[in-house]
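Structure assessment
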Amino acid sequence: MPMPAKRRVRVGIDVGGTFTKAVAIDAKTGAVISKSTVPTTHNAAKGVSEGIVDALCTILLRSDIGVSDIELISHSTTQAINALLESDTSKVGIIAMGVGPSKKDIVKRTDLHDNDIVSFHEFLDTSHLITEEEVEEAVLRLRSKGAQVIVATEAFGVDDPANELFIMNRSAKYGIPSTASHEISGVYGLEIRTLTAAINASVLPKTMQVANYVEEAIRETGVQAPLMIMKGDGGVSDMNTFRTRPILTVLSGPAASVAGALLYLKVTNGIFVEVGGTSTNICIIKDGKPEIRYVTVNEHPTCIRSMDVRILGVAGGSMIQLDKGRVSKIGPRSAHIAGIKYACFADPDTLKSGNIVLVRPKAKDAKYVAIQCGDETFAITNTCAANALEMIDKDDYAAANTESAKTALKMLGEYLGVSYHEIAMSVIQTASFDITRTISGIIKEFKLESTTQIIGGGGGASVLAPFVAKQLGLRYTKAEHADVISSIGVASSMLQEVIEQTVTHATSKQISQVQKKIHGILVEKGAVPESIVIDSVYIAEKSLLRVTAIGNVEMDSAETSKSVFTLYDAKKRAGEIIDITTELVELSYETDHYFVFTGHVEVKKLFSKKNQHHILVLDRYGRLKLSLKNAKIFQGGKISVLEELDDFMESRHSEIAPKIFLLNDLKLVDYSSMTSAAKIIDGVRADLAESEKAAVLAEL
């Protein structure tokens, strides 16, 4: 009798400002097996790790999942961003290196004068071979000044990191954590690379401690599956990344919810609004992918790229501020962070015995509205107002006791001399103002159509998101499993890495070398080699080569994973992106990792119509990799592809080279940076030599 197939379970845990939410999903079907929500344990002896274990143990108790069934645990974290925002950072010692004559310039670029990061500086002259004694003396001088962590930075350290690694090695001898600037970015800019490394270093001791607590706590439950961490770009990486490059996780929490919308809900176009208990995260999803930008931390630009998420300090648990007898502001303090219960979850008779009071939850806070009932204090929140207005369905995560909610708002209404309905509506309108303004700005910034939809996620999805959509006249959709969509995003996400290098002229050989390097990094981190998709782009005006790789973790099956698109799913998305019916979309080419679709579009001219062939490349996860509004595809044998491309180049009679791309099983190669037809042909020929199967796309 055959052995039953082993159950395959992925666990995603999102550590939010208010709640820690865990979800277990079936890795074969994507179905949600179990979920749980517990308060985030910010003030516990071992911090958030206690809440993580509570959430994990709860889903195990509520289901028949065994610890041996779990093949992967991924979690998001707010530790890095919280430490930076709350100035809970370590003092940084910077060791800058360069040749003597350039000392003045190097010191100017690397000696930080920053109120947020306390730093001390040393310079080492590398015109000679630096010695162990020199380095150790510099490390000890910095330690004596108070440095708790070291940054090693050198002008061309991205090309030859030997000196930076040498300093890290000597720092380790004295038990001092360190960051090398080349580890953070491959960009030449010494100033921004040093600043980014210093920001990273300033939270290293804190995040190393948290990482150890989390890993120890998970292992004590008996779970031996790999433990991964969510990054701000929507991918996941191993815990060593959190220990050494915590800055990559700065927008980990917001990225988790967007990943859920992309990978689980398969949203193509829309504005994703996640309303939690403490904050609201807003992100645009366009053509099946989020906008990506360089992160700014406390007004400091960095060379770290993450999802473009707008974070607002208003959400379901936000408390109310008053001014001159009216509601003046909602938030940023939330009831949970204040340690106060929501009034709408209290007993209505208990509330009736109380009085409206103004409280300062934290010493530096403004005054917020609360109801004092003997020894208990209850907060009036957005969730209370929405329940009082009966805006929440009974089976919704945010549904509370309607009588309690109305009682609380009536008390506040009487205190201000207005009806409960009027005061409740005032709370919702005031709370939604910033969200409405932010979304209006996004629509204008990205020139979105009036058909754009708002997708609501988070436990407070029904509290503010539908109201905002109605105010803007936009269609609203509530996400399936909205309350744990961020945890689903964490569980569904794939390994993702990015390498950026300053390159004067990107040759096919250089691109290939970086692609092989990033492919190896992902395999080393646990990705299935055949699942890895590599995307390369050369930004000529910045002389910047950016190579991105995405892959499924080792235990995942590309055939069964929920996040992998079927041909039907991919064709549907292609139609949505091009804005035509699926009948006008045809599959022109495919590899193990890509679909190439041609959309037949009729373009109206002044007195005529013209047919264009819009070519789209989607990867197997539905992500848009390339869009050419009018293009040709050459495929077949290597010789015939080269001959067709050569004929096409000659027929153009133009000195300006067209945009040419090559697609094979491993990578998508962009030849746009090459200025002549001859160089393009040579590059394509070199890459075709390594390919069993390939196609060339040419923009018309």
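Residues numbered from 1 in each chain as written. Predicted model: local features only at pLDDT ≥ 70, side-chain atom pairs only at ≥ 80, totals over all residues. Heavy atoms only, no water.

**A closer look at the overall build of the protein**
Secondary structure assignment for the protein yields 21 helices and 35 strands. For the protein, whose C-alpha radius of gyration is 27 Å, the value lies close to the compact-globule estimate of 27 Å for 700 residues. If you line up the protein on its principal axes, its C-alpha atoms span 85 × 75 × 70 Å. Relative to its full complement of 700 residues, the protein shows a buried share of 56%. Restricting the contact set of the protein to residue pairs at least 6 apart, pairs at least 24 apart contribute 66%. Total accessible area on the protein is roughly 29,800 Å²; 50% of this is exposed by carbon and sulfur atoms. The distance from the centre of the 76 positive side-chain charges to the centre of the 85 negative ones in the protein is 4 Å. (Helix = DSSP H or I, 4+ residues; strand = E, 2+ residues; numbered from the N terminus. Rg over C-alpha atoms; globule rule 2.2 N^0.38 Å. Buried < 20%, exposed > 50% of the residue type's maximum accessible area, 1.4 Å probe, protein only. Contact = heavy atoms within 4.5 Å. Areas by Shrake-Rupley, 256 points an atom, 1.4 Å probe, with all protein chains shown as cover. Lys, Arg positive; Asp, Glu negative; His and termini not counted. Charge placed at Lys NZ, Arg CZ, Asp CG, Glu CD.)

**Topic: the nonpolar core**
Considering soluble globular proteins, one finds that nonpolar side chains tend to be buried as a cluster. Ranked by size, the top nonpolar core spans 62 residues in total, and within it Val-258 and Leu-697 carry the most contacts. For this core, the element with the highest residue contribution is helix α10 (residues 252-264), accounting for eight residues. Ignoring anything within four residues of it in the chain, the contact list for Leu-697 reads Val-596, Ile-615, Val-617, Leu-626, Leu-628, Lys-632, Ile-633, Lys-659, Ile-660 and Phe-661. (Core = buried A, V, L, I, M, F, W, Y, C linked by side-chain atoms within 4.5 Å.)

**Some words on the packing of aromatic side chains**
Taken as a whole and assessed by the stated rule, the structure comprises three aromatic pairs. Geometrically, the ring pair formed by Tyr-342 and Phe-345 is tilted, given 5.8 Å between the ring centres and 50° between the ring planes. Ring geometry for Phe-634 against Phe-648: centres 5.8 Å apart, planes inclined by 55°, an arrangement best described as tilted. Taken as a pair, Phe-634 in strand β32 (residues 631-635) and Phe-648 in helix α20 (residues 638-652) lie far apart in primary sequence, 14 residues in all. (Phe/Tyr/Trp six-rings, centres within 6.5 Å; stacked < 30°, edge-to-face > 60°.)

**Here's the deal with a negative patch on the surface**
Judged by side-chain charge, Glu-643, Glu-644, Asp-646, Asp-647 and Glu-650 come together as a negatively charged surface patch. As for its placement among the helices and strands, Glu-643 is situated in helix α20. (Patch = residues over 30% accessible without salt bridge, like charges linked within 9 Å, V, L, I, M, F, W, Y side chains within 5 Å. Salt bridge = Lys/Arg side-chain N within 4 Å of Asp/Glu carboxyl O.)

**Focus: the environment of Ala-225**
Among the structural elements, Ala-225 can be located in the loop between α8 (204-220) and β9 (227-230). For Ala-225 and Arg-10, which are 215 residues apart along the polypeptide, the C-alpha to C-alpha distance reads 9.4 Å. Leaving out residues up to four positions away in the same chain, Ala-225 has contacts with Ile-70, Glu-71, Leu-72 and Arg-219.

**Quick look at the pairing of strand β28 (residues 585-590)**
Judged from the five bridges that link them, β28 and strand β29 (residues 594-604) form a sheet pairing that is antiparallel. Considered in β29, the bridge of Leu-587 is made with Phe-597. Counting the residues between successive antiparallel strands, the hairpin from β28 to β29 contains three residues. (Pairing = 2+ DSSP bridges.)

**Description of the packing of helix α15 (residues 420-445) against helix α16 (residues 461-472)**
A pair of packed helices is characterised by two quantities: the angle between their axes and the separation of those axes. It is the contact of α15 with α16, at a shortest axis distance of 9 Å, that shows an interaxial angle of 65°. Classified by the angle between their axes, α15 and α16 sit roughly perpendicular to one another. Considering how the two elements wind past one another, α15 and α16 form a crossing that is right-handed. Counting all contacts with α15, which are made through Met-425, Ile-428, Gln-429, Ala-431, Ser-432, Ile-435, Thr-436, Ile-439 and Ser-440, the residues of α16 involved are Val-463, Leu-464, Phe-467, Val-468 and Leu-472. Tallied by class, the residues present in the contact of α15 with α16 amount to ten nonpolar, four polar and no charged. (Axes fitted to C-alpha atoms, helices over the stretch in contact; angles between N-to-C directions. Parallel < 35°, antiparallel > 145°, perpendicular 65-115°, else oblique. Left-handed = near helix turned anticlockwise from the far one by under 90°. Nonpolar A, V, L, I, M, F, W, Y, C, P; charged D, E, K, R; others polar.)

**Describing the pairing of strand β2 (residues 19-26)**
Regular strands place their side chains on alternate faces of the sheet. With seven of its eight residues buried, β2 lies for the most part within the structure. Sheet topology places strand β1 (residues 9-15) next to β2; seven bridges connect them, and they run antiparallel. Each residue of the ladder has a partner; that of Val-15, found in β2, is Thr-20. In sequence, β1 turns back onto β2 through a hairpin of three residues. Bridge analysis of β2 against strand β3 (residues 32-39) gives seven bridges, and the strand direction is antiparallel. Across the sheet, the residue bridging to Ile-25 is Val-32, located in β3. Turn length for the β2-β3 hairpin, with the two strands adjacent in sequence and antiparallel, is five residues, and the turn residue Gly-30 shows positive phi of about 80°.

**A look at helix α18 (residues 508-525)**
With 18 residues, α18 ought to run about 26 Å at 1.5 Å a step, and its terminal C-alpha atoms sit 26 Å apart, in line with that. Within the span of α18, buried status applies to Ser-508, Ile-511, Ser-512, Val-514, Gln-515, Ile-518, His-519, Leu-522 and Lys-525. Projection of α18 onto a plane perpendicular to its axis shows the buried side chains occupying an angular sector of 165°, all on one side. Of the residues in α18, the exposed ones pointing more than 90 degrees away from the buried face are Lys-509, Lys-516 and Glu-524. The positive-phi residue at the C-terminal boundary of α18 is Gly-526, with phi of around 115°. (Expected span 1.5 Å × (residues − 1). Arc of directions from axis to C-beta.)

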